[in-house]
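Below are the chains, spelled out letter by letter.
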Amino acid sequence: MKLTIGHLYPDLLNLYGDRGNIQCLRKRLEWRGIEAEVIPFISGDTIDFSKLDVVLLGGGSDREQELVCSHLQKIREDFRTYVEEDGIVLAVCGGYQLLGHYYKTQTKTIEGLGILNIKTEWEPERLIRNIVLDSPLFDTPVVGFENHGGRTYIGDHTPFGKVVFGLGNTGKSGQEGVIYKNVIATYLHGPLLPKNPHVCDYLLEHALQRKYGTEIHLEPLPDELEHKANSYIADRYNDKKYVLKETIKRYT
């Protein structure tokens, strides 16, 4: 078996170690004896989505998102078709915002792909902190780090998770990210997948099932250290005394 992973615009969208998500996808396949091919698509490259099994769209600054925007408009319909045909996508931070209709910054509006029925609007206070989610996809918490000035309004979409600790899409909604078909769109950095191997394996299993047309369950890996790290973060930020302390600090 083999999966081909497309990394979109790593020359512009690679904030906060998002490249680590690619490494995690590849290594967790290779450790199971599954071939992994990673194709980086630099700005201006032609992208054939029919040959991709997983797509990563990472994060970037407002300036970099604006530069990427012109390239994304050229592939809008092909990308939309890939998503509607259950293609697997992980979109992080700026990539998450660009899947929506627009991102209104302090000075201009950046047009998105309109694949998700969401919109993002800038506010002066950045939402920065560790974050813990209770996701409907997993029994294990999802943990990460958020740092974004945009507030993303997701309408009727299903959120990636309920915020247990942190700020999430708007800082007020109690929701974080979006799940749509086989798309996970989120503000969680860290990078996300090494901190949450269960999320990585979810994406890989769905990619393999889509490609080979049969139900596939990946063999577990010895993830004791990863699970301990995840539990440490989740337990720490579930502590009510810690949450109260952080809340007081935020508003004083």
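Report on the accompanying structure.

Basis of the calculations
Residues numbered from 1 in each chain as written. Predicted model: local features only at pLDDT ≥ 70, side-chain atom pairs only at ≥ 80, totals over all residues. Heavy atoms only, no water. Helix = DSSP H or I, 4+ residues; strand = E, 2+ residues; numbered from the N terminus. Rg over C-alpha atoms; globule rule 2.2 N^0.38 Å. Buried < 20%, exposed > 50% of the residue type's maximum accessible area, 1.4 Å probe, protein only. Contact = heavy atoms within 4.5 Å. Areas by Shrake-Rupley, 256 points an atom, 1.4 Å probe, with all protein chains shown as cover. Lys, Arg positive; Asp, Glu negative; His and termini not counted. Charge placed at Lys NZ, Arg CZ, Asp CG, Glu CD. Core = buried A, V, L, I, M, F, W, Y, C linked by side-chain atoms within 4.5 Å. Pairing = 2+ DSSP bridges. Phe/Tyr/Trp six-rings, centres within 6.5 Å; stacked < 30°, edge-to-face > 60°. Disulfide = S-S within 2.5 Å.

Before going further, it helps to examine the overall build of the protein. In terms of regular secondary structure, the protein is built from eight helices and 12 strands. Its C-alpha radius of gyration of 18 Å places the protein within 12% of the 18 Å reference for a compact globule of 252 residues. In terms of principal-axis extent, the alpha carbons of the protein reach across some 55 × 45 × 30 Å. Burial analysis of the protein (252 residues in total) assigns 52% to the buried set. The long-range fraction of contacts in the protein, counting pairs at least 24 apart against all pairs at least 6 apart in sequence, stands at 70%. Taken as a whole, the protein presents about 11700 Å² of accessible surface, with 50% of it coming from carbon and sulfur. Counting 30 positive and 35 negative side-chain charges, the protein places the centres of these two groups 6 Å from one another.

A few words on the nonpolar core. Counting residues in hydrophobic clusters, the biggest one holds 67 residues, and the most contacted among them are L8, Y9, F49, F79, L99 and L193. Broken down by element, this core gets its largest block of residues, seven residues, from helix α6 (residues 197-212). Core analysis: the second largest hydrophobic core is formed by six residues, V132, V143, I233 and Y237 among them.

Along the chain, I233 falls in helix α7 (residues 224-238). As a C-alpha pair, I233 and N130 span 103 residues in sequence and 8.7 Å in three-dimensional space. Setting aside residues up to four positions removed in sequence, I233 forms contacts with V132 and V143.

Okay, unusual backbone geometry next. The omega torsion across G190 and P191 is -10°, close enough to zero to call that bond cis. Position of P191 relative to the elements: it lies in the loop between β12 (183-186) and α5 (192-195). With a phi angle near 55°, Y9 is a residue other than glycine that sits in the positive phi range. Note on placement: Y9 falls in the loop between β1 (2-8) and α1 (19-30). Backbone geometry places C93, a non-glycine residue, at a positive phi of 55°. Its location among the elements puts C93 in the loop between β4 (88-92) and α4 (94-98).

What follows concerns the environment of R19. In this fold, R19 is placed in helix α1. When neighbours within four sequence positions are excluded, R19 is seen to be in contact with H7, P10 and N14.

A word on the pairing of strand β7 (residues 119-134). One ladder, built from two bridges, connects strand β5 (residues 102-104) with β7; its direction is parallel. Within β7, the residue paired with K104 across the bridge is E121. Bridge count between β7 and strand β8 (residues 142-153): 11 bridges; the pairing is antiparallel. Of the residues in β8, the one forming a bridge with T120 is T152. Of the strand pairs in this sheet, β7 and strand β9 (residues 161-165) are connected by three bridges, and their pairing is antiparallel. Paired with L133 across the bridge in β9 is V163.

The next point concerns the packing of aromatic side chains. All chains considered together, the criterion is met by five aromatic pairs. Summarising the aromatic geometry, the rings of Y96 and Y187 are spaced 5.0 Å apart at their centres and angled 65° between planes, so their arrangement reads as edge-to-face. Here the residue Y96 occupies a position in helix α4, and Y187 occupies one in the loop between β12 and α5, the gap between them amounting to 91 residues. A relative accessible area of 0% places Y96 in the buried class. By relative accessible area, which is 0% here, Y187 ends up buried. Ring pairs connect the aromatic residues F49, F79 and Y82, which therefore count as one cluster.

Let's shift gears to the state of the cysteines. By the definition in use, this model includes zero disulfides. For C200, which is in no disulfide, the shortest distance to another cysteine sulfur is to C24 and amounts to 3.8 Å. Classification of C200 as buried rests on a relative accessible area of 0%.

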